[in-house]
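Examining the three-dimensional arrangement
What follows is the residue order along each chain.
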Amino acid sequence: MDQHLKQSAGSGIASDHKLFLKARIKLTALYVLIVAIIILGFSIFLYQNIERNLGDASDDDFADIGSRQHFVDNTLGSIESDLILADIFILIITAGFSFIFAGKTLKPILQSIEAQKAFASNASHELRTPLAVMRNDIEVYLRNNSPTKELTKTIMDSNLEEISHMSRIVEDLLLLARSDSKVNSERKEIDINALVKKMLDRIASLANSKNIKLTYTPFGSFIIQGVEDSLERMILNILQNAIDHTPSGGSVNVKIEKDGAQIVIYFTDTGSGIAPEKLPHIFKRFYKGDSASGTGLGLSIVKGIVDQHKGNISIESVLGKGTTVVIKIPIIKIFT
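These remarks concern the structure in this document. Since the model is a prediction, treat every value here as computed from it, not as a measurement.

**Overview of the nonpolar core**
- If you look at the biggest cluster of nonpolar residues, it comprises 41 residues, and the most contacted ones within it are I192, M234, L239, F267 and I327.
- Looking at this core element by element, the count peaks at eight residues for helix α5 (residues 228-244).
- In this structure M234 touches V302, I305, V306, I327 and I329, once residues within four positions along its chain are discounted.
- F20, L27, A102 and L106 belong to the second-largest nonpolar core, a separate cluster that totals five residues.

**Re the pattern of salt bridges**
- Counting across every chain of the model gives nine salt bridges.
- A salt bridge links R135 to E139; the nearest nitrogen and oxygen atoms lie 3.2 Å apart. With R135 and E139 both in helix α2 (residues 65-143) and four residues apart, this pair spans about one turn of that helix.
- Under the relative-accessibility criterion, E139 is labelled partly exposed at 31%.
- Between E232 and K198 there is a salt bridge whose closest N-O contact spans 2.8 Å. Of the two residues, E232 is situated in helix α5 and K198 in helix α4 (residues 192-209); the sequence distance between them amounts to 34 residues.
- Given a relative accessible area of 11%, E232 falls into the buried group.
- On the basis of relative accessible area, K198 is assigned to the partly exposed category, the value being 36%.

**Re the sheet that holds strand β4 (residues 251-259)**
- Ordered by their spatial adjacency, five strands build an open sheet running β2-β4-β5-β7-β6, and the pairing between neighbours is mixed. Since the sheet does not close on itself, it has two edges, and those belong to β2 (213-217) and β6 (312-318), each with one partner. For this sheet the average axis-to-axis angle between neighbouring strands, irrespective of direction, equals 15 degrees.
- In terms of strand pairing, strand β5 (residues 262-269) meets strand β7 (residues 322-330) through eight bridges, oriented antiparallel. Residue pairing in the sheet places Y266 in a bridge with V326 of β7.
- Sheet strands touched by α5: β4, β5 and β7. Its angle to β7, the strand with the most contacts, is close to 170 degrees.
- Helix-sheet contacts for helix α6 (residues 298-308) involve β6 and β7, and the interaxial angle to β6 is about 140 degrees.

**A closer look at the packing of α5 against α6**
- Contact geometry of α5 with α6 gives a least axis separation of 9 Å together with a crossing angle of 145 degrees. For the pair α5 and α6, the sense of crossing is left-handed. The segment α5 lies against α6, with S230, L231, R233, M234, N237, I238 and N241 engaging G298, L299, I301, V302, I305, V306 and Q308.
- The residue inventory of the contact of α5 with α6, partitioned by class, reads eight nonpolar, five polar and one charged.

The rules we used
Residues numbered from 1 in each chain as written. Predicted model: local features only at pLDDT ≥ 70, side-chain atom pairs only at ≥ 80, totals over all residues. Heavy atoms only, no water. Core = buried A, V, L, I, M, F, W, Y, C linked by side-chain atoms within 4.5 Å. Buried < 20%, exposed > 50% of the residue type's maximum accessible area, 1.4 Å probe, protein only. Helix = DSSP H or I, 4+ residues; strand = E, 2+ residues; numbered from the N terminus. Contact = heavy atoms within 4.5 Å. Salt bridge = Lys/Arg side-chain N within 4 Å of Asp/Glu carboxyl O. Pairing = 2+ DSSP bridges. Axes fitted to C-alpha atoms, helices over the stretch in contact; angles between N-to-C directions. Left-handed = near helix turned anticlockwise from the far one by under 90°. Nonpolar A, V, L, I, M, F, W, Y, C, P; charged D, E, K, R; others polar.

See below:
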């Protein structure tokens, strides 16, 4: 089934590239047509102007009328040939540049279509797995003529777990859709120090259950403009990810600093770290690395939220030693 999905996705992408090429050629032809009309009009104007000036030439400048006509004919013929060659050359150059510019113009559209198709394919795959598990459990239950209470409970528990998993996926997909469409709640001024402290308090029980030490190093008092629930989700996603990948006895530290007109938040853990070859992919949707758990959307959501707040995010990691997530967001006010 997965192989069929990959083949379908590959076929869809090939079809998109054909449509892209056709659209690119059409746009190139339009560019060339516009330039050709401009060149033709300019050439006709130039030719007629030169012809008129030659016609106004004084007969006294020539030995006889025949010489004058010969000079005019030769001059116009030479100019006509030069204009034709120049126009052809310009059109060829225009066609080349038009093809390049048409590709650059249409490329974001192609990338958007490919991203949407890949997103739909990945989303359907993620939802298909829990649905398949639920269907299998129900079929097992229905084939049993005398199901026991234990079997019923096991199947119900399994289905509930899969439903919870699908609910998380749907919730994450909705958050990503909001991020892509730039649909936000009303922005307001937020004390980032207080918000980080609030999220640390909320996740403290999870850290305690794993014997992980949480520390926080605030710096000054900064106000940013943002969507509070989105920023809360961003901080919680990073903290939960850090706790999930940090062994018992480890630590997660959050530190705030100022860098020019930006606030910098460091999330540092002593967890398992990320391999260098995986770092370029961690913000991709549905990318899970070595982890089979989760939806693979957490860091994509984080990046979307950071982008919404006109900030940037980077991750530094050493395999086996830990990871540091660095987020920078513009400051609008500073209280000392």
